[in-house]
Amino acid sequence: TVTMNGTLVVSYTHWTEDWDAMVQKSKFKNFEGWTEGIAKEDIFRCLKDAAPAPEPSILVQDVSVNEDQPVEIPISVSELTTGDNIISYQFKINYDNTALEYSAADLTGTLAHGGTVTVNSSVAGVLNVSYMTSTALVGAGNILLLQFNTLKVDTTELLISDAYLNATPVTDLSNGTVIIKDVTP
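Residues numbered from 1 in each chain as written. Predicted model: local features only at pLDDT ≥ 70, side-chain atom pairs only at ≥ 80, totals over all residues. Heavy atoms only, no water.

Caption draft 1: A look at the sheet that holds strand β11 (residues 139-150). Pairing is mixed across the open sheet formed by five strands, whose spatial order is β8-β11-β6-β4-β14. The sheet is open, and its two edges are formed by β8 (100-106) and β14 (172-174), each paired on a single side. Looking at each pair of strands side by side, their axes are set apart by 20° on average, direction ignored. Direction of pairing for β8 relative to β11: antiparallel, over a ladder of six bridges. Residue Glu101 lies in a different strand from β11, and its bridge partner there is Asn149. (Pairing = 2+ DSSP bridges. Helix = DSSP H or I, 4+ residues; strand = E, 2+ residues; numbered from the N terminus. Axes fitted to C-alpha atoms, helices over the stretch in contact; angles between N-to-C directions.)

Caption draft 2: Examining the layout of surface pockets more closely. Taken as a whole, the largest pocket encloses approximately 290 Å³ of empty space. Contributing to the lining of the largest pocket are 14 residues, with Pro54, Glu55, Pro56, Leu80 and Asp84 lying nearest its centre. If you list the elements that add at least two residues to the lining of the largest pocket, you get β6 (70-80) and β13 (168-169). Looking at side-chain class alone, the lining of the largest pocket contains seven nonpolar, four polar and three charged residues. (1 Å grid on protein atoms, 1.4 Å probe; cavity = no way out; pocket = protein on both sides within 12 Å on 5 of 7 lines; lining within 4 Å. Points joined across faces, edges and corners; volume = space filled by probe spheres on them. Nonpolar A, V, L, I, M, F, W, Y, C, P; charged D, E, K, R; others polar.)

Caption draft 3: Representation of the pattern of salt bridges. A full pass over the atoms with the stated rule returns one salt bridge. Across the pair Lys92 and Asp162 runs a salt bridge, and its minimum N-O distance is 3.5 Å. A residue pair is termed long-range when its members are at least 10 positions apart, and Lys92 in strand β7 (residues 88-94) and Asp162 in strand β12 (residues 154-165) qualify at 70 residues. On the basis of relative accessibility, which here comes to 24%, the residue Lys92 falls in the partly exposed class. (Salt bridge = Lys/Arg side-chain N within 4 Å of Asp/Glu carboxyl O. Buried < 20%, exposed > 50% of the residue type's maximum accessible area, 1.4 Å probe, protein only.)

Caption draft 4: Expanded view of the environment of Ser64. Summarising the element assignment, Ser64 is placed in strand β5 (residues 63-66). For the pair formed by Ser64 and Ile179, sequence separation is 115 residues and the distance between their alpha carbons is 4.6 Å. Each residue touching Ser64, except ones within four places of it in the same chain, is listed here: Ile179 and Lys181. (Contact = heavy atoms within 4.5 Å.)

Caption draft 5: Fine view of the side chain of Thr150. When you line up the elements, Thr150 lands in strand β11. A polar atom in the side chain of Thr150 sits 2.8 Å from the backbone nitrogen of Asp68. A distance of 2.9 Å separates a polar side-chain atom of Thr150 from the backbone oxygen of Gln69. Apart from the residues lying within four places of it in its own chain, the contact partners of Thr150 are Val65, Asn66, Glu67, Asp68, Gln69, Val71, Ala99, Leu100 and Ile180. (Polar contact = N/O pair within 3.5 Å; in protein donor to acceptor, adjacent residues only side chain to side chain.)

Caption draft 6: Geometry of the confidence of the model for the protein chain. Residue-level pLDDT values for the protein chain average 82, and 71% of them are 70 or greater. The model gives residues 1-17 a pLDDT under 50, and that stretch makes 44 contacts with residues more than four places away or in other chains. (pLDDT = per-residue confidence, 0-100.)

Caption draft 7: Region of the structure containing the packing of aromatic side chains. Applying the stated criterion across every chain, the model contains four aromatic pairs. Consider the rings of Tyr89 and Phe91, whose centres lie 5.8 Å apart with planes at 10°: the pair is stacked. Here Tyr89 and Phe91 have matching classes, each one buried. (Phe/Tyr/Trp six-rings, centres within 6.5 Å; stacked < 30°, edge-to-face > 60°.)

Caption draft 8: Structural view of the nonpolar core. Core analysis: the biggest nonpolar cluster contains 35 residues, and Ile75, Tyr89, Phe91, Ile93, Leu127, Phe148 and Leu158 have the highest contact counts within it. Residues within four places of Tyr89 in sequence aside, it is in contact with Leu107, Ala112, Val129, Ser130, Tyr131, Leu137, Ile143, Leu144, Tyr164 and Leu165. (Core = buried A, V, L, I, M, F, W, Y, C linked by side-chain atoms within 4.5 Å.)

Structure follows, in structure tokens:
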């Protein structure tokens, strides 16, 4: 819904850079004459500003570590606003359990600090993560720190899937890579 000078002008629209296509795909109230004296650029700006926010994304960050050392892998989220009212998340992480051994999950210093996280690690190489809180997550940054022990020199991926923010599926997911370096002289 878009208003200009307090008058409803668009009740529904699909954003496009093409004026004629936008008019054809939109449902206008009182279309005749509402644009008089208003530049098309201003209308486009108003409609573009009213477009929905981008879909959130979740990223498993890349990390490099020496062999036989513990490693902390941040999981981060794109910008969340108070209006998004995100109070829970869940996802699955698949990893190579011959290269990494899961040890713990930590929320300290993350956007999710103060909530409760549960990690089900009963299946080798799979982590099912769930989180909840009573206060909406706000901002962009880390929402979880997964801790592992390294078991061998390797380059391995952490694959994220089945992700949700509240009950909404997240499709913009980025896997992470862990490089475990040989420190033998």
